[in-house]
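Per-entry structural report
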Amino acid sequence: VPPVTPQTPLGLFGTEALIGEEDRAIRDTVRQYVEEKVKPQLADWYETGSLPVRELAKELGSLGVLGMHLDGYGCAGTTATAYGLACMELEAGDSGLRSLVSVQGSLAMFAIWKYGSEEQKQQWLPSMAAGDAIGCFGLTEPDFGSNPAGMRTRAVRDGSDWVLDGTKMWITNGSVADVAVVWARTDDPGNKVRGFVVPAGTPGFSAPEIKKKMSLRASVTSELVLDGVRLPESAVLPDAVGLSGPLSCLNEARYGIVFGALGAARDCLETTLEYARQREIFDKPLAAYQLSQAKLADMSLELGKGMLLALHLGSLKDAGSLRPEQVSLGKLNSVREAIAIARECRTMLGAAGITLEYPVMRHANNLESVLTYEGTSEVHQLVIGQALTGEAAFR
Ligand code: FAD
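All figures in this text were calculated on a predicted structure; none of them were measured in a lab. (Residues numbered from 1 in each chain as written. Predicted model: local features only at pLDDT ≥ 70, side-chain atom pairs only at ≥ 80, totals over all residues.)

**Concerning the pairing of strand 4 (residues 154-158)**
Strand direction decides the pairing type here: strand 4 and strand 5 (residues 161-172), joined by five bridges, are antiparallel. Its bridge partner being in strand 5, Arg154 is matched across the sheet by Asp165. The antiparallel pairing of strand 4 with strand 5 creates a hairpin that spans two residues between the two strands, and Gly159 there sits at a positive phi of about 65°. Examined bridge by bridge, strand 4 and strand 6 (residues 179-186) share two bridges and lie parallel to one another. Bridging across to strand 6, Ala155 finds its partner in Thr186. (Pairing = 2+ DSSP bridges. Helix = DSSP H or I, 4+ residues; strand = E, 2+ residues; numbered from the N terminus.)

**A word on unusual backbone geometry**
Positive phi, close to 60°, is recorded for Lys212, a residue that is not glycine. Tracing the sequence through the fold places Lys212 in the loop between strand 8 (205-206) and strand 9 (221-232).

**Considerations on the site of the ligand**
In the vicinity of the ligand lie 20 residues, with Thr140, Gly145, Ser146, Thr376 and Glu378 positioned nearest. Secondary-structure elements contributing two or more residues to the shell around the ligand are strand 3 (135-138), strand 5, helix 10 (360-372) and helix 11 (377-389). Class assignment of the residues belonging to the shell around the ligand gives a composition of 10 nonpolar, nine polar and one charged. (Near = placed C-beta within 6 Å. Nonpolar A, V, L, I, M, F, W, Y, C, P; charged D, E, K, R; others polar.)

**Some thoughts on the packing of helix 4 (residues 80-93) against helix 5 (residues 95-115)**
Two quantities define a packed helix pair, namely the angle between the axes and the distance from one axis to the other. Across the interface, helix 4 lies against helix 5 with an axial gap of 5 Å and an inter-helix angle of 140°. The pairing of helix 4 with helix 5 is recorded here as oblique in orientation. On helix 5, the residues that touch Cys87, Leu90, Glu91 and Gly93 of helix 4 are Ser95, Leu97, Arg98, Val101 and Ser102. In the contact of helix 4 with helix 5, the residues fall into four nonpolar, three polar and two charged. (Axes fitted to C-alpha atoms, helices over the stretch in contact; angles between N-to-C directions. Parallel < 35°, antiparallel > 145°, perpendicular 65-115°, else oblique. Contact = placed C-beta atoms within 7 Å.)

**Looking at the UniProt feature "domain: Acyl-CoA oxidase/dehydrogenase middle" (unreviewed entry) in the protein**
In the numbering used here, UniProt assigns the feature "domain: Acyl-CoA oxidase/dehydrogenase middle" (unreviewed entry) to residues 136-229. Regarding residues 136-229, the helix share stands at 0% and the strand share at 49%, and the terminal C-alpha atoms are separated by 17 Å. (UniProt positions renumbered as here; feature names shortened; annotations may be inferred.)

**A look at the environment of Lys39**
Structurally, Lys39 is set in helix 2 (residues 21-48). In this structure, Lys39 is in contact with Val34 and Gly93, ignoring residues within four places of it in sequence.

**Topic: the UniProt feature "domain: Acyl-CoA dehydrogenase/oxidase N-terminal" (unreviewed entry) in the protein**
As annotated by UniProt and renumbered to match this structure, "domain: Acyl-CoA dehydrogenase/oxidase N-terminal" (unreviewed entry) occupies residues 21-132. Between the end C-alpha atoms of residues 21-132 there is a gap of 30 Å, over a span that is 78% helix and 4% strand.

**Examining helix 7 (residues 244-278)**
The end-to-end C-alpha distance of helix 7 is 51 Å, a good match for the 51 Å that 35 residues give at a rise of 1.5 Å each. For helix 7, the principal kink sits at Val258 and spans about 30°. Of all the 35 residues making up helix 7, 27 are buried; the element is thus mostly covered by neighbouring parts of the structure. (Expected span 1.5 Å × (residues − 1). Bend = angle between axes of the 7 residues up to and from the residue. Buried ≥ 20, exposed ≤ 12 C-beta atoms within 10 Å, placed from the backbone.)

**As for the nonpolar core**
Of all hydrophobic cores here, the largest spans 118 residues; its most connected members are Ala108, Phe196 and Ala342. Here the element with the most residues in this core is helix 7; it accounts for 16 residues. If near-sequence neighbours (up to four positions away) are discounted, Ala108 is found in contact with Val103, Met128, Gly135, Cys136, Phe137, Val179 and Val181. (Core = buried A, V, L, I, M, F, W, Y, C linked by C-beta atoms within 7 Å.)

**Re the environment of Leu286**
Counting through the fold element by element, Leu286 comes out in the loop between strand 12 (284-285) and helix 8 (290-318). Overall, Leu286 belongs to the buried group, with 21 C-beta atoms counted inside 10 Å. Considering only alpha carbons, one finds Leu286 and Arg154, 132 residues apart in sequence, at a separation of 58 Å. Beyond its immediate chain neighbours, meaning those up to four positions away, Leu286 contacts Ala276, Arg279, Ile281, Ser292 and Met348.

This is the structure:
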């Protein structure tokens, strides 16, 4: 058999040919930023459980990735595919970095962009796109994650004001945010859920950070405490009435994860391929054993299939026809396969795989959070199950 020049896992699939020139250029810029500016520091951030969010937000703002797929108000207005590819590169760095961008662009900014008043958009979107203002998105509560309809946070009218009371939990960027988009059940007729734009300095609002995490350590995760937070009528998002508002925001962020999780998987696989070529075991490289090649082949197959699905969903989104249950297909597949790839790669690195010298276990640990947030795998199975059978099995 003649010698073959080794290919990358995605090179083998030829997925590059499916990506347009402009989208590729954007992707390459983000990749270069992550490689040069972020990757060298990730192990330290992860070990110390810290992330310089403000500094990173400025850099990400200059790169144009914050709210990049939105139009106007200082946002770049790229294709959805370009946004997905950017998420992939960011998460090839760390899921924490991609989470920062997802929450800023797809949750906080998207909520204001889609449902906000002109005044709210003018006030927040340009500075959030630039990375000068940081946003967070508070939906989950200590007792209500997969079932946000049960939320206990209340917004009660008092004259022309609203008064908010409640607690939100597991909120990315919470402690560093300048503005929180908070979802609360109102005392209006119908008790609909509404969204509120809460500036961080508002009396009664605090955001203590959650510590002792074993996953997404390079990410700020917080509780939001709302203790009699008084807001003017102008703080409510006028165009979001009911849970469909926050759920549509989650669908946006989830779309980014379809690509993002594959970035973490790609980084694990490329690291492992390199390691396997270098590592001599008994009398030849680890890469030269059939068992190793079986693992590498299977992992590459899942990565490539995941990428084909992600690019297909990207095309559907760019054509304006992507449905939420299709995003569920992608999120379920990408995260489930990425975590399996990360764990399998870890076995190939042996003991070295448990350290922060290599990104593999960091990615594997991060993906535990990604498996849970933006809809758990089980919830996405139920969404897909409902789409297939017409039967809702959520309760
Ligand atoms: P639960 O809902 O209690 O689920 C527990 C288990 O029950 C899961 O396995 C679940 O799949 C299963 N389950 C649930 N329903 C069913 C069912 N019908 N049938 C069978 N099984 C079921 N939230 C925000 O609002 N904003 C954020 O910025 C944010 N950032 C986060 C960052 C991190 C690091 C993490 C870990 C979470 C974040 N979340 C955020 C919260 C996240 O969205 C929730 O954790 C998620 O929705 C799951 O909720 P839960 O943790 O309460 O789990």
